[in-house]
Amino acid sequence: MKHFKLALSILLIGILSFTSCKENAKKEGSNTAEIPVSREMIAELTSPPNVPTPVGRRKAKKLIVNMEILEQEGELTGGVKYMYWTFGGSVPGSFIRTRVGDEVEFTLSNHPDNKLPHNIDLHAVTGPGGGAESSFVAPGHEKTFSFKTLNPGLYVYHCATAPVGMHIANGMYGLILVEPEGGLPPVDKEYYVMQGDFYTKGKNGERGLQPFDMQKAVDEKADYVVFNGSVDGLTGDNALTAKVGETVRLYVGNGGPNLVSSFHVIGEIFDKVHVEGGELINENIQTTLIPAGGASIVEFRVDVPGSLVLVDHSIFRAFNKGALGILNVEGEEDKKIYSGEIREGIYLPEGPGIQNMPTTDEIVESEIPAKSFDEQMKFGKQVYMQTCFACHQSEGQGIPNAFPPLANSDYLNADVNRAIGVVVNGLSGEITVNGDTYNSVMTKQMISSDDVANVLTYVYNSWGNSKEVVTKEMVEKVKNQ
Amino acid sequence: MTTKIFSLFLVSLAIQSFMFGQAKDMAVIEGSRYIPLYGRDSTVVEVQDFKMDIYPVTIEAYQQFLKENPKWTKSKVVKLFADKSYLTNWKNDLEPNDAINPKSPVNYVSWFAAKAYCECQDKRLPTVDEWEYVAMADETTKDARIKPSYNEKILAWYEAPRTKENSVGETPKNAWGVYDLHGLVWEWTLDFNSVLITGESRKDMDNDNNLFCGSAAINATDLMNYAAFMRYATRGSLKAKYAMKNLGFRCVQDIKEETK
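Note that the structure is a prediction, hence the values are computed from the model and not measured.

*Asks:* What am I meant to see in the overall build of chain A here?
*Replies:* In terms of regular secondary structure, chain A is built from ten helices and 23 strands. For chain A, the proportion of its 481 residues judged to be buried stands at 44%. In chain A, once contacts between residues fewer than 6 apart in sequence are set aside, the share between residues at least 24 apart is 71%.

Following this line, the structure appears as structure tokens:
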């Protein structure tokens, strides 16, 4: 009897472990290739920073994706034009949203005006070349192929036509999301952000239509590193928005072609990161690495109002090459979470003084002096967007307690020569602007007298300021004092 | 007697002007050996002497061809030989749309049509090797591929929109006296599909394929020629019945043995 009991329990254990084994197998290997599809559906495609409607609880379907390739000129940053090659007319290309088990019927159309053949390699495809071979298409033609989404995750797609690096460097990349069955947990806001590096004949900021520079690309010396295809891809009018208390999910990709992104949001901690866009979830992350040709899903709840700054924390890329985006959060302050400045004092262990940006270069005189007021405004705006915008913000509103406003600024309008002096010599110490006191440091700006005149003219003639026109002579006079 | 001599004189004059016409529209290309894009010592190709049209075939010239060969008009063309884009910018069988510049290169033509056109003139399409051989010249040098300015100019075209609307002969002529190899349209070649590009260019590298094995390792040769990669890729994407907006052609002629 005892023996029988033992035998029974062994048998039971055996059965239990066998079934649990089976369950595990079902869960992990559950053959997603066998998921049946019902009905056809035309995929919603969106341009960045928007993403299509979540899949929710829908069943797997035959999903029709129609993607058009367009070679078109766009603006990399103020005054700098670039011939982008795009999937769907945007860089990054249209966002594709699927669920696991979908059968995607993908049609790639190459616009007749295009000069080159293209194709697409989707990392979500299980099959040779990720679809590249089946989708190689001449201008004025289209190709269709189909694939089943077997693995949930966030995947990069890109063009793979020779020279591959050049096609990617010109903007031919985007993201395709494969949601798990039942969809990702709902959140309040979802956005699509993708980093890319650009290589131009002229150096960063040089005006005009800039051709692609193969040598710089091979040397991996990027002139621009940007989010969503241009320096202002996620700033100014393109900034992302959220309200206090909302949960934000960012689908972040990196098209490369070369650089790996140290993705970070200044002023936030990622509550969750889907590491490398896959199933593994890591929590409480400051900076997540996104490889070229890889992606990541990051989620965080925004608790206090203000501007969060998206950056590649290889930080010169952010402040000097364009890898900077803004997420504006509106709502009630919560002093418990973030107080703002509480008190200030003077601490000068190394003596007072104004910092200089270290530089070995002489200030280069502007090659194209502005000939009219309109040109001054135009060039001034470009200088502003390159040099001043990060602190003083797109509408000159500044950042409370940190960077004083330039809009409607009493300090600015009171004395034009003082303003010129601030730009050419820098400024530190306490000042009062529109009734608020600020105590921070502005570095000396290493820009030409023409550029100083242009940018100040732009500032004085924007946002309700005194409409002063600043000339190169006025700047020179202050410099020579 | 005098009239006879006079008429003989007239005839010879006519022949001369005919000869002159020939010489004016075609340039003599001295053959040689060179290493094309997919360069390795083992892949030196040899090009014989031949003559090449100095301009791509124009809309005007193609119109004349259609008048003489109605079977190539868009209503009559055999569908196997031209897809439905064939001459899509022509309003009817014999007239292009009004906006089209008659001196611009003909486009929306299939390989079959281009080949037939050349054969009607007792010419043929150039081979890829012949075309690339002439196309590696700039204004002063017959092999300008190592000059940075050479690649820059070609790439500038790849980035310039709507060049197909320009007239032929406006780009500077190259050292052979040939115009527009770069700067207007892509051009059909006789054996455009002889370089097998599968569409998966990275796989092509592994396959020890002539064209792409050279590019697996990045070196100066690849950099020098990356503009050419785009031409080979374009050719690889074509089928003989395709008619495309940015694709035209020109003809070449073998130099007859009798001249020797």
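Next comes the rest of the account.
*Asks:* Honestly, the overall build of chain B in this entry has me stumped. Any pointers?
*Replies:* Secondary structure assignment for chain B yields nine helices and seven strands. Here chain B, with 260 residues, has 40% of them falling under the buried criterion. Here the contacts in chain B between residues at least 6 apart in sequence split such that 73% fall between residues at least 24 apart.

*Asks:* Teacher, can you tell me more about helix α2 (residues 59-68) of chain B here?
*Replies:* Counting along an α-helix, one turn takes 3.6 residues, and residues three or four places apart therefore face a common direction. Residues and elements named next belong to chain B. Residues of α2 that are buried: I59, Y62 and L66. Seen end-on, α2 carries its buried residues on one side only, within an arc spanning 65°. Away from its buried face by more than 90 degrees, α2 exposes Q64, K67 and E68. Looking at the packing, one finds that the buried side of α2 touches α3 (111-120).

*Asks:* How should I be thinking about the domain arrangement of chain A in this particular structure?
*Replies:* In many analyses, interface size is given as the accessible surface area lost on bringing the parts together. Residues and elements named next belong to chain A. Segmentation of chain A into domains returns domain 1 (35-182), domain 2 (190-330) and domain 3 (373-479). Between domain 2 and domain 3, the C-alpha centre-to-centre distance is 28 Å. Opposite the seven residues of domain 2 that make contact, domain 3 presents five residues. Split into classes, the residues belonging to the side of domain 2 that touches domain 3 amount to two nonpolar, four polar and one charged.

*Asks:* Would you mind going over unusual backbone geometry with me for this structure?
*Replies:* Among all residues except glycine, the phi angle is most often negative; among peptide bonds, the trans geometry is most common. Residue P48 of chain A is joined to P49 of chain A through a cis peptide bond whose omega torsion reads 5°. Structurally, the position occupied by P49 of chain A is in the loop between β1 (40-42) and β2 (62-77). In this chain, A162 of chain A is followed by P163 of chain A through a cis amide linkage whose omega measures -10°. Here P163 of chain A is to be found in the loop between β8 (153-158) and α3 (164-169). Phi is positive for N228 of chain A, which is not a glycine, with a value near 50°. The backbone phi angle of D180 of chain B is positive, close to 70°, even though this residue is not glycine.

*Asks:* Looking at this structure, I do not really get the interface of chain A and chain B. What am I missing?
*Replies:* Each side of the interface is counted separately: chain A has 27 residues, and chain B has 25 residues. Residue assignment for the side of chain A that touches chain B shows that the elements contributing at least two residues are α2 (132-135), α3 and α4 (214-219) of chain A. Examining the composition of the side of chain A that touches chain B, we find that three residues originate from one element, α4 of chain A, more than from any other. Per-class residue counts for the side of chain A that touches chain B are 18 nonpolar, six polar and three charged.

*Asks:* Can you help me understand the packing of helix α9 (residues 449-460) of chain A against helix α10 (residues 472-479) of chain A in this one?
*Replies:* All names here are of chain A. With their axes 8 Å apart at the nearest point, α9 and α10 run at an angle of 115° to one another. As for how α9 packs across α10, the hand of that crossing is right-handed. When α9 is examined against α10, the residues S449, D450, V452 and A453 are found in contact with a partner set consisting of K472, M474, V475, E476 and K479. Taken together, the residues that form the contact of α9 with α10 break down as four nonpolar, one polar and four charged.

*Asks:* What exactly am I supposed to notice about the confidence of the model for chain A here?
*Replies:* Detailed reading of predicted coordinates is not advised where the pLDDT is low. Chain-level pLDDT for chain A is 88 on average; 89% of the residues reach the 70-or-more range. In the predicted structure, residues 14-29 of chain A sits below a pLDDT of 50 and forms zero contacts with residues beyond four places in sequence or in another chain.

*Asks:* In this structure, what is going on with the UniProt feature "domain: Cytochrome c" (unreviewed entry) in chain A? I would like to understand it.
*Replies:* Mapped onto this structure's residue numbering, the UniProt feature "domain: Cytochrome c" (unreviewed entry) falls at residues 375-463 of chain A. Secondary structure across residues 375-463 of chain A divides into 51% helix and 16% strand, with the first and last C-alpha atoms of the span separated by 18 Å.

*Asks:* When you look at the sheet that holds strand β16 (residues 270-274) of chain A in this model, what are you seeing that I'm missing?
*Replies:* Two modes of strand pairing occur in sheets, parallel and antiparallel, and in both the strands are linked by backbone hydrogen bonds. All names here are of chain A. On the basis of which strands lie adjacent, the open sheet formed by six strands has the order β12-β10-β14-β19-β16-β17 and mixed pairing. This sheet does not close on itself; its edge strands, each paired only once, are β12 (224-227) and β17 (281-285). Going across the sheet, the axis of each strand differs from the next one's by a mean of 20°, ignoring polarity. Relative to strand β14 (residues 247-256), strand β10 (residues 189-198) runs parallel, the two being bridged by eight bridges.

*Asks:* In this structure, what is going on with the confidence of the model for chain B? I would like to understand it.
*Replies:* Residues and elements named next belong to chain B. The predicted model of chain B has a mean per-residue pLDDT of 80, with 75% of residues at 70 or higher. Scored below 50 in pLDDT, residues 10-23 shows zero contacts in the model against residues more than four places distant or in partner chains. Here residues 204-220 is a poorly scored stretch, pLDDT under 50, and it has 26 contacts once near neighbours within four places are set aside; other chains count. With a pTM of 0.72, the predicted complex shows an ipTM of 0.75.

Thresholds applied
Residues numbered from 1 in each chain as written. Chains lettered and ligands numbered in written order. Predicted model: local features only at pLDDT ≥ 70, side-chain atom pairs only at ≥ 80, totals over all residues. Helix = DSSP H or I, 4+ residues; strand = E, 2+ residues; numbered from the N terminus. Buried ≥ 20, exposed ≤ 12 C-beta atoms within 10 Å, placed from the backbone. Contact = placed C-beta atoms within 7 Å. Arc of directions from axis to C-beta. Domains from an automatic or database assignment. Nonpolar A, V, L, I, M, F, W, Y, C, P; charged D, E, K, R; others polar. Axes fitted to C-alpha atoms, helices over the stretch in contact; angles between N-to-C directions. Left-handed = near helix turned anticlockwise from the far one by under 90°. pLDDT = per-residue confidence, 0-100. UniProt positions renumbered as here; feature names shortened; annotations may be inferred. Pairing = 2+ DSSP bridges.

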